[in-house]
Amino acid sequence: MQAHRQSAWLFSLTVVCLLLMQPIAWGQQPKPGGTLRVAWEADVTGFDPGFSRGIQAYYLKGNLFNPLVTVDENLNFVPELAESWETQENGKVYVFHLRKGVKFHDGTDFNAEAVRWNIQWTTDRDSQSVMDAFLDTIEAVEVIDAHTVKIILKYPTFTLLPALAQYREGLLIKSPTAYEKVGRQDAPRHPVGTGPFKLAQWEQNNLIVLEKNKDYWKPGLPYLDRIEFKIMKDGVTRATALRAGEVDYVSWLPREHADRVAKVPKIHVMAGKGSSTAFSAFNVSRKPFDDPRVRVALTGYGIDRRAIAKAALLGHGGPQWGFLPPGAKGFKDLSEMYPYDPEKAKALLKEAGFDEQNPLKYSLITHAGETALPTMATIMKTQLAKVGVQVNVEVLDRPIYLKRSNNHEYEQLLNASSHMLDAYDRASSFDRHAGVNIPNHQDPKIDALLDRLRRASTEADYLKAGEDLQEYATQQMMYFGVATLPDLEAARDSVKGYVFMRGYKKRYETVWLER
């Protein structure tokens, strides 16, 4: 019954999103001009592609810069600054044909040399680019002519397109001339791209203002003259501002306010298939978590994911077993692998040497950056107590959590992921040679699956390798999902043309205001 109600709610919201995204089909012509007022959840670290980190920075940079390739709302790869491309040598070489007549905000030309410079900058370890690890398969970049660039890879791989389009922020192309003029230190405050908007004002922890790029290369866009991002860190403040008409759109609507906001006349809540995950991992280098029987007992059979999702997510989300959310490309449903079974959990723990006389005791670390995590951890603790396990939950400040996580100073962790495009989006979480290796594993099968994923030259082989990685990681209960975290946004009826991307991107070039 609950699943039926949730499906009906999501269906209604999907209809709302379609109405927002298709104004012309309903006889409404976009009206240029106006200011979009946004309740924005956090300030940014800066606006320099590749260098300025954080999800809020990634979203805003997508309105100042363009990638070569992007994804649409169905996660299909579509042209952006590259109008077309083709592969050669079984996927080892990509040739991109660039759009002509595109200018950076400083008036300089976007061309093949600018692409070569951006890739060189990104893959230079000294740049400390967030995209470096995803583009380390590039061997060389050749400028064929002003509007044709060839990217030669170390081996055939399909990973290039998703890296250019979406991983973290995608490869956003910045003006080489402007960057070299202002230098690395000032680049985060002086973004110069090809995007639909320009940075006009940044008052840290208060206000970010973007203004229309009147020379944007997409005819007629953007419609808005200006966007004001008002920093409102408190979720209650954001929801209240929308209900009161002080803002037009909320980028991150807290789930505890979603139902109430949805009932307000002339406001629509947007949701869809989950694109991020509440995930967990054991430090498998520590005993007894090096024993798969213990891991499977605890988080395979020992926790009730459906009860966790229902209580912690208030109907806005669902249970999850694998690390990849259902809204991602190549998601594999693994819900039948480990049904909730406390007796089977007890039996496996007994096999591993734990019972009432020798109970397993350990600590789980998490944080409150995602408000549902402490609740989930507490429910997991209660459920595991029923199989004789004593869990100490530590809710840490996020910086301390990140430090302990990065240093593998934990037995089990619970965290919220960023929005995942596909399985390779999580490659660094497993990679023990060039990634963070969250489970701290030494498993050669994981290494082989990652290598197979990297070297898949077709999308079909790529997605199949990703499915196999999901299955093995879940089977081993090494790195796995607990619940799905859908993106929730809300807007007033007057906001038209917004393409809801479920948190993958938040772009405003097609938005217009009905006045």
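Each chain carries its own residue numbering, running from 1 in the written order of its sequence. With pLDDT at 70 or above as the cut-off, local features in this predicted model cover only qualifying residues; side-chain atom pairs require 80 or more to be listed or tallied, and sums for whole chains, interfaces and linings still use all residues. To obtain the side-chain values, all non-hydrogen atoms of the structure were included, while hydrogens and water were left out.

Caption draft 1: The packing of aromatic side chains, seen in detail. Stacked, tilted and edge-to-face are the three classes applied to pairs of Phe, Tyr and Trp rings, where Trp contributes its six-membered ring and a pair requires centres within 6.5 Å; stacked means planes under 30 degrees apart, edge-to-face means over 60, and tilted covers the rest. Evaluation of the coordinates by the stated rule reveals 27 aromatic pairs. When the centroid spacing of 5.1 Å and the interplanar angle of 40° are considered together, the rings of Phe 279 and Tyr 479 count as tilted. Here Tyr 479 lies in strand S18 (residues 479–485) and Phe 279 lies in strand S13 (residues 276–282), a separation of 200 residues in the sequence. Both residues of the pair, Phe 279 and Tyr 479, belong to the buried class. Working definition: helices are DSSP H or I runs of at least four residues, strands are E runs of at least two. Numbering for both runs from the N terminus. Relative accessibility thresholds used throughout: buried, under 20% of the residue-type maximum; exposed, over 50%; partly exposed, between the two (1.4 Å probe, protein chains only).

Caption draft 2: Structural view of the environment of Leu 469. If you trace the backbone, Leu 469 turns up in helix H15 (residues 459–475). Taking relative accessible area as the criterion, Leu 469 reaches 0% and is therefore assigned buried. For Leu 469 and Ala 448, which are 21 residues apart along the polypeptide, the C-alpha to C-alpha distance reads 9.6 Å. Apart from residues no more than four positions distant in its own chain, Leu 469 is found in contact with Phe 323, Phe 430, Ile 446, Leu 449, Leu 450 and Leu 453. Note on definitions: a residue-residue contact is assigned when non-hydrogen atoms from the two residues lie within 4.5 Å.

Caption draft 3: Expanded view of the environment of Gln 88. Residue placement: Gln 88 occurs in strand S4 (residues 82–88). Residues Gln 88 and Ser 129 lie 41 residues apart in sequence; the distance between their C-alpha atoms is 27 Å. Here Gln 88 is in contact with Val 93, Val 95 and Lys 150, once residues within four sequence places are set aside.

Caption draft 4: Up close: the side chain of Asp 72. You can see Asp 72 is positioned in the loop between strand S2 (69–71) and strand S3 (77–79). One buried charged side chain, Asp 72, makes no salt bridge at all; its nearest oppositely charged neighbour is Lys 329, positioned 7.6 Å away. At a separation of 2.9 Å, a polar atom in the side chain of Asp 72 contacts the main-chain amide nitrogen of Asn 76. For Asp 72, the contacting residues outside a window of four places in its chain are Val 78 and Met 501. In summary, the charge assignment counts Lys and Arg as positive and Asp and Glu as negative, without counting His or the chain termini. Salt bridges are defined as contacts in which a side-chain nitrogen from Lys or Arg sits within 4 Å of a carboxyl oxygen from Asp or Glu. A 3.5 Å cut-off defines polar contacts: any pair of N or O atoms within that distance qualifies, except that in protein one atom must be a possible hydrogen donor and the other a possible acceptor, and neighbouring residues in sequence count only when both atoms are side-chain atoms.

Caption draft 5: Inspection of the sheet that holds S4 at higher detail. Taken in spatial order, the four strands line up as S4-S5-S7-S6 in an open sheet, and their pairing is antiparallel. The open sheet has two edge strands with one neighbour each: S4 and strand S6 (138–145). Within this sheet the neighbouring strands show an average axis-to-axis angle of 20°, counted without direction. Strands are treated as partners if at least two bridges between them are detected by DSSP. By the bridge criterion, six bridges tie S4 to strand S5 (residues 93–98) in an arrangement that is antiparallel. Interaxial angle, 0 to 180 degrees, is taken between N-to-C directions of lines fitted to C-alpha atoms, where a helix line uses only the stretch in contact.

Caption draft 6: Empty space enclosed by the protein, seen in detail. The definitions used throughout rest on a 1 Å grid laid over the protein atoms alone, on which a cavity is an enclosed set of points accommodating a 1.4 Å probe that cannot get out and a pocket is an open set flanked by protein within 12 Å on both sides along at least five of seven lines; lining residues are those having an atom within 4 Å of a point. Grid points are joined across faces, edges and corners, and a volume is the space filled by probe spheres set on the points. What the rule picks out here adds up to three cavities of 30 Å³ or more. What the largest cavity holds in volume is close to 60 Å³. In terms of lining residues, the largest cavity is bounded by Asp 48, Pro 49, Lys 174, Ser 175, Ala 178, Tyr 179, Val 182, Ala 187, His 190, Pro 191 and Val 192. Amino acid classes used here: Ala, Val, Leu, Ile, Met, Phe, Trp, Tyr, Cys and Pro are nonpolar; Asp, Glu, Lys and Arg are charged; the rest, including Gly, are polar. A breakdown of the residues in the lining of the largest cavity according to their chemical character gives seven nonpolar, two polar and two charged. Here the second largest cavity is characterised by a volume of approximately 50 Å³. Class assignment for the residues of the lining of the second largest cavity results in five nonpolar, five polar and two charged.

Caption draft 7: Representation of the nonpolar core in the model. We define the nonpolar core as a collection of buried residues of types Ala, Val, Leu, Ile, Met, Phe, Trp, Tyr and Cys that are connected through side-chain atoms lying within 4.5 Å of one another. In this structure, Phe 96, Leu 298 and Met 376 are the most contacted members of the largest nonpolar core, which totals 114 residues. The element contributing the most residues to this core is helix H11 (residues 372–385), with seven residues. In this structure, Phe 96 is in contact with Val 69, Ala 82, Ser 84, Trp 85, His 147, Thr 148, Val 149, Ile 151, Leu 160, Leu 161 and Leu 164, ignoring residues within four places of it in sequence. By size, the runner-up hydrophobic cluster in this structure holds 28 residues, among which are Val 38, Phe 197, Ile 208 and Val 495.

Caption draft 8: Molecular detail of unusual backbone geometry. In the segment running from Leu 221 into Pro 222, the intervening peptide bond is cis, with an omega of -5°. Its location among the elements puts Pro 222 in the loop between strand S9 (207–212) and strand S10 (226–231). In the segment running from Lys 287 into Pro 288, the intervening peptide bond is cis, with an omega of 0°. Structurally, Pro 288 is set in the loop between S13 and helix H8 (292–301). Phi is positive for Lys 266, which is not a glycine, with a value near 65°. Mapping Lys 266 onto the fold places it in the loop between helix H7 (255–262) and strand S12 (267–270). The exposed category is assigned to Lys 266, whose relative accessible area is 61%. Even without glycine at this site, Leu 314 takes up a positive phi of about 55°. Position of Leu 314 among the secondary structure elements: in the loop between helix H9 (305–313) and strand S14 (318–319).

Caption draft 9: Seen up close, the pattern of salt bridges. Applying the stated criterion to the full structure yields 29 salt bridges. Across the pair Glu 394 and Arg 404 runs a salt bridge, and its minimum N-O distance is 3.1 Å. One end of the pair, Glu 394, is in strand S16 (residues 390–396); the other, Arg 404, is in helix H12 (residues 398–406), and ten residues separate them in sequence. Among the residues examined, Glu 394 registers a relative accessible area of 23% and is labelled partly exposed. Where salt bridges share partners, they join Glu 80, Lys 218, Arg 507 and Glu 509 into one cluster.

Caption draft 10: Quick look at the pairing of S10. As defined by bridge partners, strand S1 (residues 35–40) adjoins S10 across six bridges and the pair is classed as parallel. Paired with Leu 36 across the strands is Ile 227, a residue of S10. Bridging between S9 and S10 involves five bridges; their strand directions are antiparallel. Directly across from Val 209, in S10, lies its bridge partner Glu 228.

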